[in-house]
Amino acid sequence: MSADDSFHGGEMMESNRFAVAGWISIILAILTLPGSFMHLMIDIKHINWVIPFSAGLDLVTVGLAIFVLIKVRQWLNVTYDFHDVDTIIPMIIVGNVVVVPMAISARLYGFGESMYYLIPIYCVLAGLSILMIVFSARFLRVEGRMRGLKKPIAYIGIAIAVCFLTFILIPLGMVLGMAYNLLIGLALLQSPSEEVDFV
């Protein structure tokens, strides 16, 4: 193998370094549809046989989301030398690890209508929403426009957080979450050489 081949091979590996995380983020956007549909079947129609399938999908989703979050942190560090969210991302991961099992157990054991169970879940969601707002505000500091994706990612992130803070707008927040995951995926699929300053 020539030195030139090694250079281009290394360049290709660098450009594809976060591609897997990008595609997983896009898959997460797609999984939002069946996940939301199953939640509606359980919470509104009270179709309990769906609960195990919903729980399984929720666990898979949170696992994939944690992977993407870890890669987003690495992507910001490596591609943009940006470290302002290094402590925020682990806190968001911990919040998800806490709230998802709480929500699953609420459905499995029929606690979904108990205020004693809903209040702690809402408190964790509120904390996650505040972290999301902080993350999004800091995300705007990243140098570069990410082919025009930076501001939409940040503003949609803030909108999602506001929806979850109000609680009653959570369904809208989940719809916005689809767009958010899609944009994150597209951003991760970019190589650093594709950085373009769009207005």
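Refer to the structure presented above.
All of these numbers come straight from a predicted model, not from anything done at the bench.

## Some remarks on the overall build of the protein
Logical step 1: Helices and strands together make up the secondary structure of the protein, namely 7 helices and 0 strands.
Logical step 2: Taken from the N to the C terminus, the helices and strands of the protein come in the order α-α-α-α-α-α-α.
Logical step 3: A total of 199 residues make up the protein; the buried ones form 39% of that total.

## Concerning the nonpolar core
Logical step 1: With 45 residues, the main nonpolar core has Val72, Trp75, Leu76, Phe135 and Phe139 as its most contacted residues.
Logical step 2: Only α2 (19–43), α3 (51–80), α4 (88–108), α5 (115–139), α6 (150–166) and α7 (170–189) provide two or more residues apiece to this core.
Logical step 3: Sort the elements by how many residues they give to this core and α4 lands first, with 9 residues.
Logical step 4: When near neighbours in sequence (up to four residues on either side) are disregarded, Phe139 contacts Trp75, Leu76, Met146, Lys150, Ile153 and Ala154.
Logical step 5: Counting 6 residues, the second largest nonpolar core, distinct from the first, contains Met41, Val50, Ile51 and Leu57.

## Brief notes about a nonpolar patch on the surface
Logical step 1: On the surface, Ile168, Leu169, Leu172 and Val175 cluster together into a nonpolar patch covering about 380 Å² of accessible area.
Logical step 2: For Leu169, the location among the structural elements is in the loop between α6 and α7.
Logical step 3: Judged by its relative accessible area of 36%, Leu169 is partly exposed.

## So, the packing of α6 against α7
Logical step 1: Their axes nearest at 9 Å, the elements α6 and α7 cross at an angle of 155°. One element, α6, and the other, α7, form an angle in the roughly antiparallel class. For the pair α6 and α7, the sense of crossing is left-handed. Each of Pro152, Ile153, Ile156, Gly157, Ala159, Ile160, Cys163 and Phe164 in α6 lies in contact with α7, whose residues at this interface are Ile170, Leu172, Gly173, Met174, Leu176, Gly177, Ala179, Tyr180, Leu183, Ile184 and Ala187.

## Some points on α5
Logical step 1: Over its 25 residues, α5 extends 35 Å from the first C-alpha to the last, a length consistent with the 36 Å expected when each residue adds 1.5 Å.
Logical step 2: For α5, the complete set of buried residues consists of Ile121, Leu125, Ala126, Leu128, Ser129, Leu131, Met132, Phe135, Ser136 and Phe139.

Criteria and cut-off values
- Residues numbered from 1 in each chain as written.
- Predicted model: local features only at pLDDT ≥ 70, side-chain atom pairs only at ≥ 80, totals over all residues.
- Heavy atoms only, no water.
- Helix = DSSP H or I, 4+ residues; strand = E, 2+ residues; numbered from the N terminus.
- Buried < 20%, exposed > 50% of the residue type's maximum accessible area, 1.4 Å probe, protein only.
- Core = buried A, V, L, I, M, F, W, Y, C linked by side-chain atoms within 4.5 Å.
- Contact = heavy atoms within 4.5 Å.
- Patch = residues over 30% accessible without salt bridge, like charges linked within 9 Å, V, L, I, M, F, W, Y side chains within 5 Å.
- Areas by Shrake-Rupley, 256 points an atom, 1.4 Å probe, with all protein chains shown as cover.
- Salt bridge = Lys/Arg side-chain N within 4 Å of Asp/Glu carboxyl O.
- Axes fitted to C-alpha atoms, helices over the stretch in contact; angles between N-to-C directions.
- Parallel < 35°, antiparallel > 145°, perpendicular 65-115°, else oblique.
- Left-handed = near helix turned anticlockwise from the far one by under 90°.
- Expected span 1.5 Å × (residues − 1).

Purely geometric numbers; function is a separate question.
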